[in-house]
Amino acid sequence: MSTTKKSAKLTLEFPDNALLPELMGPHSKNFVRLEQKLGVKVDLRGNVVAIEGAEREKAAGVLRALYDLLEDGQHVSAAEIDSEVRFANKAEEGDIAHAGLATIKTWTGKTLRARSPAQAAYLHLMETHPLVFGIGPAGTGKTYLAAAFGAHLLHKREVERLILSRPALEAGERLGFLPGDLKEKVDPYLRPLYDALMDVIGEPCLKMIEQGIIEVAPLAFMRGRTLRRAFVILDEAQNTTAPQMKMFLTRLGEDSRMVVTGDPSQSDLTGGRAEGLNQALSILRDVEGAAFAQFSEHDVVRHALVSRIVSAYNAADGERARKARKDAD
């Protein structure tokens, strides 16, 4: 692959013509998306791509990364383009790059890669720390990556069990009105965890649950236990009280790791305050062995509209806070 610069134009020459149609995408949709994201003009002639615009260097880096994916036998979609643009936008700020991180192979053979610098940092922290907090809005991959990494450790036999837990806020009166036994009552609250596990493990997940290798349980079921050689995930931690959070964190046993995920702005506790999560973030900030990954709306990897929705709500919250402070003065 060679690069040539001529005034405001940069050209890339790719050695394998057979990969270029997928790099370009049907009806050039991949190039169009890159043009929209970076404000450049991309043109393909033979096996040479010409890029014009102020962000041409950045766009060239994105195309090189996408071409490398194709050489590895992976596919290029809008999600991969958006991912590489995120990394390119953060490259000058010294953010961690995904290239240096081990990829995660799911049980179904799919390769999982970080799709934002925040996700890359999150994976790195899970590799190097026994306790990691993943904090940020919905759609940033906090729970999914934690489940994938836990399954990865389970597959490598670095842990013996994978335990996923989540608060079931309505474990009192309202749950009592739901039909079925206790498992059937709490399963709707734990469904997102089941979905993540099924995606990264596939059908063997069901057998592992039956064997107790994988356990998905309400937070209340964690009391009194010591979890050894396990990878433990607490999801929706913004819905924990301070005593619940302390109880959960102190379950960590020998050769175990723990990941806590949550969004403090989405608490369903009375008053909307993420009591347990916020207290833990404050108390444990300087504790050795604990690490914190912060996500923002820019890291949302769901539909592009989700990122805009989160941004709009954040802006509205900020405006309300400013008005409250002004009224207080």
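Structure shown above.
Keep in mind the model is a prediction, meaning the values are calculated, not measured.

Student: Mind laying out the environment of L234, listing which residues take part and the relevant values?
Tutor: Note on placement: L234 falls in strand β10 (residues 230–234). Excluding its chain neighbours within four sequence positions, the residues that come into contact with L234 are S165, R166, P167, L219, T240, M245, F248, V259, V260 and T261.

Student: Residues and numbers for the environment of L190, please.
Tutor: Here L190 lies in helix α8 (residues 182–201). Classification of L190 by relative accessible area gives buried; the value is 1%. The spacing of L190 and P167 is 23 residues in sequence and 8.7 Å in space, taken between C-alpha atoms.

Student: Please provide a residue-by-residue account of the nonpolar core, values included.
Tutor: In terms of nonpolar packing, the biggest core is built from 39 residues, with Y122, M126, L164, L197, I214 and F231 touching the most fellow members. Per-element accounting of this core gives the leading share, 8 residues, to helix α6 (residues 142–155). In this structure F231 touches M126, A146, F149, G150, L153, V159, R161, L162, I163, R257 and V259, once residues within four positions along its chain are discounted. V62, L66, L70 and A88 belong to the second-largest nonpolar core, a separate cluster that totals 26 residues.

Student: Requested: an account of the pairing of strand β3 (residues 41–45), with residues and values cited.
Tutor: The alternating pattern of β3 places V42 and L44 on a buried face, while none of K41, D43 and R45, on the opposite face, is buried. Connecting β3 to the antiparallel partner strand β4 (residues 48–52) that follows it, the hairpin turn spans 2 residues, and G46 within it adopts a positive phi of roughly 65°.

Student: Account for the packing of aromatic side chains, with residues named and values stated.
Tutor: Aromatic ring pairs: the centre-centre distance and the angle between the two ring planes describe each pair. Counted by the stated rule, this structure contains 4 aromatic pairs. Measuring from centroid to centroid gives 5.3 Å for Y122 and F295, while their planes differ by 85°, and the two rings are edge-to-face. Of this pair, Y122 sits in helix α5 (residues 117–128) while F295 sits in the loop between β12 (290–294) and α12 (304–328), and the two are 173 residues apart along the sequence. For the pair Y122 and F295, one class covers both residues: buried. One cation-aromatic arrangement involves R285 over F292; the distance from NZ or CZ to the ring centre is 4.1 Å.

Student: So what's going on with unusual backbone geometry? Which residues, and what values?
Tutor: The phi torsion of most residues other than glycine is negative, and most of the peptide bonds are trans. The phi angle at H27 is positive, at roughly 55°, despite the residue not being glycine. Inspection of the secondary structure puts H27 in the loop between α1 (20–24) and α2 (29–38). H27 gets classed as exposed once you look at its relative accessible area, which sits at 81%. With a phi angle near 65°, R157 is a residue other than glycine that sits in the positive phi range. With respect to the secondary-structure elements, R157 resides in the loop between α6 and β8 (161–166). Taking the relative accessible area as the measure of exposure, R157 reaches 72% and is therefore exposed.

How each quantity is defined
- Residues numbered from 1 in each chain as written.
- Predicted model: local features only at pLDDT ≥ 70, side-chain atom pairs only at ≥ 80, totals over all residues.
- Heavy atoms only, no water.
- Helix = DSSP H or I, 4+ residues; strand = E, 2+ residues; numbered from the N terminus.
- Contact = heavy atoms within 4.5 Å.
- Buried < 20%, exposed > 50% of the residue type's maximum accessible area, 1.4 Å probe, protein only.
- Core = buried A, V, L, I, M, F, W, Y, C linked by side-chain atoms within 4.5 Å.
- Pairing = 2+ DSSP bridges.
- Phe/Tyr/Trp six-rings, centres within 6.5 Å; stacked < 30°, edge-to-face > 60°.
- Lys NZ or Arg CZ within 6 Å of the ring centre and 35° of its normal.

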